Amino acid sequence: MDVKGSIAALKSVFAESVNQRSSENVVVSAWALIFFVGGFVLSSAGMLGTAAPFGIAALATAGAGLNAVCCLFGSALGYIFSGGLARSIRYLAAIVIVFTAEFSFQDTRLSKTMLFSPTVAALSALATGLLSGFSRLISDGQTAALTFLETVLAFGACYFFNEALYGDEPTTENDEVRHSSAVLITVAILLMSLAGLELFSAVSVGRLAAVLIILTCAFRCGSMTGCAVGTVFGITMDLAAGELPFFTMAYAFSGLLSGMFHKRGRLAFLMSFILANAVAAACTWHASPQINELIEVFTASVVFMLLPSGLVSSIGAMLRPIDSGSGESGLRRYVSRRVAGLSSAYAGVYEIVRRNVEQPHNDTDPSKVFDRAADSVCVMCKDKNKCWNSDYMETLSALNDATEAMTKRGILQIGDLPEHFAERCRTPEAFVAAVNGELRACAYRKHFAAQLRESRDTAWGQFSDMADILGELSEELGSINGADHLAERRLMRYLSTLDIEADTAVYRDGRGRLRAVIESSSLSRLYRQPDYLEKLSNVLGMRLCTPKAKGENAGKLVLIQAEPLAVSVGIAAMKKKGEKVSGDKGTYFKTDAGVLCVILSDGMGCGAEAARESREVIEILEKFLRSGADPAVAMKTLNSVMLLKSGDNWGFATVDLMCVDLFTGQTCFYKYGAAPSYVINGKSIRRIKCESLAPGLGGANGGAPDTVRMRLKPGNTAIIASDGVFGDSNDSWLGEVIDSATDDMKLLARDTLREAEKIYGNCDDMTVLAVRVQTRS
């Protein structure tokens, strides 16, 4: 027994436990200190001379527990130091009532509601106000109004404190606005307590900080936000001063006017802000000169001029009203690209069909048969004018008499001709042979006409396929998914902290997958950020990745929601002995919808002709699948295409299509005349057979592929191969290959191919694709 090793392991576990408890204790202590300081500061925030309801609201926000105890002591000390013991008795009683109520109801369902704490704070403020001066409330209207104001502010302050500290993660635009407003009001109330703290008996610390916040918001967000923030901080400073509402007017007007110059540079912006404050001060100079306020604004302007741009951007972004992005237009552009892809695919279909069905028109009328026979036989006869001019009616009557027997029998015999016509004709045998030759040609034309009708029926079926595809697009456009305005605002707010002006579009496609497009000439600032993709993922609340694009655009960044699943693919191939080109063609790719498509096609025979057939199949399928068409519709269209192109250059190619949804693992196998595929799940192996013919051989109405659906989990493996690998039902050897295989799909595909070569020889083209599903790292 390894005693030393066991002791070391115990020490390691003990050390980890101690470190975890230490970090938790640090967090708990930090919150306790915050509530203690907050209670002390907020209870010191007086208004209109004597009212101080914010310490009550702070304690109600703390709830019950260690935070509440610390906040209780902080609030008590704040009330005593700011107002003295005699004045603070009423508020001390109020915070004791709040603490008792929170402690008593802490385990009830009522305490978990949003309005419980604000109601407790309001009732405590009202009760102590009534009990401390009931007689004065009846006789003095000002005292009654002040008590009522304290009750309302205790309720409102506690509500906004709760929203700022404990509010859930915003999920809608209104939630985000409410949370930002709560944070703004909380900061404004905190600065009320610092309004009486002055530097050099001239500059109020609270008002100086308030002016700096107003400057930052107006500079970054414009007039409306600057005016709104100025109004909030102006009201709180006026309540703290207990005088005329000068600060409300001055701060709101300054924020409004300076916000108009927020894109003109800091100097012009600050000059407009100082000028607006000077105008406001001049308007009230006769009643109360505001010399200190002008000094505070000038001091704040100097400090603001020295602030780093990054800090100004970060603070201003918290309250910046973000314009709506272009998510809806982004979705339309995305669908437009899909339609363009479909248009290109159908253009390719048309070109293939055109080359195979354009033939001259043939007339199969029986009278034309005799005319063509006469043109070839009678043209050199000496009696042609007599038979076909002077005695034309007799010749026509004789041929009409022979038509019925000829049509019924399918050929013309000399006995079918009237006796007088046969005796008069110089070369009846040659004429009959010519007519029979034309009859055979007529039969060929009828056969081709039937093929042409079938091709036309198939072509008409393409309209049904197109209707299915457009129906899918219509459903996607009409789905509940679309622009995600909240995510757009979060993204634009984050970009504004980097001082990036961008056009953003955040939307979800028909499958619910998030997509984001950022277009800006300043994206280099984003790329300079370490782990910028991870930061953008945190902003939008999900893991993002960038698609592989054919062309890089320095001014455009496309982001899509990353799939939780990934795949590894291995391919091994071998040409038939003696051939220069393999008739097997395979490919794999991931669509914009997060679906992995694996295609394998085996052309008829071997060599260049077989390679051409399989290559056309791959090209057609890939175009449709990449454009977003449903795989079943794409396979149906492929069958129609192969049927249409079957003509003089007749040939076919088998098709194996595997589609894996990398979000859910849902997998579908589509097979047209293909060899069996295999799915390995641990020790079990499932064989997926095919009974359908190759595309184009089953006719226009009976060409549905064999379809098998299942769900692949991480660790599952699929093997797809051509018939040169699995040519018969003897596949027991595959289990031995899988048992000795590693996680390397390239090695698995190679080992499978080599084992098949040992068993069947190299008498056909051989291709193996091995696909393993795994969790994205």
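Read on for a plain summary of the structure. Values in this document were obtained by computation on a predicted structure and should not be read as measured data. (Residues numbered from 1 in each chain as written. Predicted model: local features only at pLDDT ≥ 70, side-chain atom pairs only at ≥ 80, totals over all residues. Heavy atoms only, no water.)

**Observations concerning the overall build of the chain**
Right, on to step 1. The helix and strand tally for the chain stands at 26 helices and 16 strands.
Right, on to step 2. A total of 777 residues make up the chain; the buried ones form 45% of that total.
Right, on to step 3. Counting only contacts in the chain whose residues sit at least 6 apart along the sequence, the fraction spanning at least 24 positions is 70%.
Right, on to step 4. About 39100 Å² of surface is accessible on the chain, with carbon and sulfur atoms providing 59% of the total. (Helix = DSSP H or I, 4+ residues; strand = E, 2+ residues; numbered from the N terminus. Buried < 20%, exposed > 50% of the residue type's maximum accessible area, 1.4 Å probe, protein only. Contact = heavy atoms within 4.5 Å. Areas by Shrake-Rupley, 256 points an atom, 1.4 Å probe, with all protein chains shown as cover.)

**Observations regarding unusual backbone geometry**
Excluding glycine, residues mostly have negative phi values, and the peptide bonds linking residues are mostly trans.
Right, on to step 1. In this structure, Asp 499 takes a positive phi of about 60 degrees despite not being glycine.
Right, on to step 2. With respect to the helices, strands and loops of the structure, Asp 499 is situated in the loop between helix 20 (485–497) and strand 3 (503–508).
Right, on to step 3. Positive phi, normally seen in glycine, also occurs at Asp 531, with a value near 55 degrees.
Right, on to step 4. Given the relative accessible area of 54%, Asp 531 is considered exposed.

**Topic: the sheet that holds strand 6 (residues 556–561)**
Right, on to step 1. The sheet built from 4 strands is open, its strands ordered 3-4-6-5 with antiparallel pairing. Single-partner strands in this sheet number two, and they are strand 3 and strand 5 (544–545).
Right, on to step 2. Those strands touched by helix 20 are strand 3 and strand 4 (514–519), and its axis lies near 150 degrees from that of strand 3. (Pairing = 2+ DSSP bridges. Axes fitted to C-alpha atoms, helices over the stretch in contact; angles between N-to-C directions.)

**Observations concerning the nonpolar core**
Right, on to step 1. By size, the foremost hydrophobic cluster in this structure holds 66 residues, and its most contacted members are Phe 54, Ile 56, Ile 95, Leu 215, Phe 233, Tyr 251 and Phe 304.
Right, on to step 2. Aside from chain neighbours lying at most four places away, what touches Phe 233 is Leu 184, Val 187, Ala 188, Leu 191, Ala 210, Ile 213, Ile 214 and Tyr 251.
Right, on to step 3. Core analysis: the next-biggest nonpolar cluster, separate from the first, contains 25 residues, Ile 620, Leu 638, Val 655 and Tyr 670 among them. (Core = buried A, V, L, I, M, F, W, Y, C linked by side-chain atoms within 4.5 Å.)

**Thoughts on the side chain of Glu 163**
Right, on to step 1. Along the polypeptide, Glu 163 turns up in helix 6 (residues 141–166).
Right, on to step 2. Contact partners of Glu 163, with chain neighbours within four places excluded, come to Met 114, Arg 178, His 179 and Ala 182.

**Description of the packing of aromatic side chains**
Each aromatic ring pair is characterised by the separation of its centres together with the angle its planes make.
Right, on to step 1. Counted under the stated rule, the structure contains 14 aromatic pairs.
Right, on to step 2. Judged by centre distance (4.9 Å) and plane angle (10 degrees), the rings of Tyr 79 and Tyr 91 are stacked.
Right, on to step 3. Judged by its relative accessible area of 3%, Tyr 91 is buried.
Right, on to step 4. Ring centres of Phe 219 and Phe 304 lie 5.7 Å apart, and the angle between their planes is 75 degrees; on these two criteria the pair is classed as edge-to-face. Of the two residues, Phe 219 is situated in helix 8 (residues 205–221) and Phe 304 in helix 12 (residues 291–306); the sequence distance between them amounts to 85 residues.
Right, on to step 5. A relative accessible area of 14% means that Phe 219 is categorised as buried.
Right, on to step 6. Its relative accessible area of 0% is what places Phe 304 among the buried residues. (Phe/Tyr/Trp six-rings, centres within 6.5 Å; stacked < 30°, edge-to-face > 60°.)

**Regarding the environment of Ala 240**
Right, on to step 1. Examined against the element boundaries, Ala 240 turns out to sit in helix 9 (residues 223–241).
Right, on to step 2. Linking Ala 240 and Ile 189, residues 51 residues apart in sequence, is a C-alpha distance of 9.5 Å.
Right, on to step 3. Once you skip the residues sitting within four places of it in the chain, Ala 240 turns out to touch Gly 46, Met 47, Met 192 and Ala 195.

**Digging into a nonpolar patch on the surface**
Right, on to step 1. Together, Leu 267, Met 271, Phe 298, Val 302, Met 305 and Leu 306 give the surface a local cluster of nonpolar side chains, amounting to about 660 Å² of exposed area.
Right, on to step 2. If you list the elements that add at least two residues to the nonpolar patch, you get helix 11 (266–283) and helix 12.
Right, on to step 3. Residue contributions to the nonpolar patch peak at 4 residues, all from helix 12.
Right, on to step 4. Structurally, Leu 306 is set in helix 12. (Patch = residues over 30% accessible without salt bridge, like charges linked within 9 Å, V, L, I, M, F, W, Y side chains within 5 Å. Salt bridge = Lys/Arg side-chain N within 4 Å of Asp/Glu carboxyl O.)

**Digging into helix 10 (residues 246–259)**
Right, on to step 1. An ideal rise of 1.5 Å per residue puts 20 Å on 14 residues; helix 10 measures up with 20 Å between its terminal C-alpha atoms.
Right, on to step 2. Most of helix 10 is tucked away, with 10 of its 14 residues classed as buried.
Right, on to step 3. Turning to helix 10, its buried residues are Phe 246, Phe 247, Thr 248, Ala 250, Tyr 251, Ala 252, Ser 254, Gly 255, Ser 258 and Gly 259.
Right, on to step 4. Contacts from the buried residues of helix 10 go to helix 8, helix 9, helix 11 and helix 12. (Expected span 1.5 Å × (residues − 1).)

**Considering the sheet that holds strand 13 (residues 684–688)**
Right, on to step 1. The strand order across the open sheet built from 5 strands is 7-16-15-12-13, with neighbouring strands paired in antiparallel fashion. A single partner strand is all that each edge strand has here, and the edge strands are strand 7 (565–574) and strand 13. Each strand axis lies, on average, 15 degrees off the axis of its neighbour in the sheet, ignoring direction.
Right, on to step 2. The pairing of strand 7 with strand 16 (residues 766–775) spans 10 bridges and is antiparallel. When the sheet's bridge partners are listed, Ser 568 is paired in strand 16 with Arg 772.
Right, on to step 3. Across the sheet, helix 26 (residues 745–760) lies against strand 7, strand 15 (717–721) and strand 16, angled at about 30 degrees from strand 7, the strand it touches most.

**With respect to the pattern of salt bridges**
Right, on to step 1. What the rule picks out here adds up to 15 salt bridges.
Right, on to step 2. The salt bridge partner of Asp 743 is Arg 772, with a shortest N-O separation of 2.5 Å. With a gap of 29 residues between them, Asp 743 in the loop between helix 25 (733–739) and helix 26 and Arg 772 in strand 16 connect regions that are remote in the sequence.
Right, on to step 3. Exposure remark for Asp 743: the relative accessible area of 60% places this residue in the exposed category.

**Points about the packing of helix 8 against helix 11**
Right, on to step 1. Contact geometry for helix 8 and helix 11: axes closest at 11 Å, N-to-C directions at 125 degrees. Classified by the angle between their axes, helix 8 and helix 11 sit oblique to one another. Relative to helix 11, the crossing made by helix 8 is right-handed. Packed against helix 8, whose contacting residues are Val 211, Ile 214, Leu 215, Ala 218 and Phe 219, the element helix 11 presents Arg 266, Phe 269, Leu 270 and Phe 273 at the interface.
Right, on to step 2. A per-class count over the contact of helix 8 with helix 11 returns 8 nonpolar, no polar and 1 charged. (Parallel < 35°, antiparallel > 145°, perpendicular 65-115°, else oblique. Left-handed = near helix turned anticlockwise from the far one by under 90°. Nonpolar A, V, L, I, M, F, W, Y, C, P; charged D, E, K, R; others polar.)

**A look at helix 26**
Right, on to step 1. A rise of 1.5 Å per residue sets the reference length of helix 26, with its 16 residues, at 22 Å; its end C-alpha atoms lie 22 Å apart and thus fit the reference within 8%.
Right, on to step 2. Where helix 26 is buried, its residues touch strand 7, strand 15, helix 25 and strand 16.
Right, on to step 3. Two or three places before Lys 746, at the start of helix 26, stands the capping residue Asp 744, its side-chain oxygen 2.9 Å from that residue's backbone nitrogen.
Right, on to step 4. Downstream of helix 26 by a residue or two, Gly 761 has a phi angle that is positive, lying close to 80 degrees. (Polar contact = N/O pair within 3.5 Å; in protein donor to acceptor, adjacent residues only side chain to side chain.)

**Observations regarding the packing of helix 11 against helix 12**
Right, on to step 1. Where helix 11 meets helix 12, the axes come as close as 10 Å, and the angle between the chain directions of the two elements is 170 degrees. Between helix 11 and helix 12, the angle is such that the two are roughly antiparallel. Note on element contacts: helix 12 touches helix 11 through Glu 293, Leu 294, Val 297, Ser 301, Phe 304, Met 305 and Leu 306, opposite Arg 266, Leu 267, Phe 269, Leu 270, Phe 273, Ile 274, Asn 277, Ala 278 and Ala 281.
Right, on to step 2. The residue inventory of the contact of helix 11 with helix 12, partitioned by class, reads 12 nonpolar, 2 polar and 2 charged.

**Overview of the pairing of strand 9 (residues 595–603)**
Right, on to step 1. The element strand 9 is largely enclosed, with a buried count of 9 among its 9 residues.
Right, on to step 2. In the sheet, strand 8 (residues 584–590) pairs with strand 9 via 7 bridges, with the strands oriented antiparallel. Looking at the pairing, Phe 589 lines up with Cys 597 of strand 9.
Right, on to step 3. Here strand 8 folds back onto strand 9 in antiparallel fashion, the turn holding 4 residues, of which Gly 594 has a positive phi close to 80 degrees.

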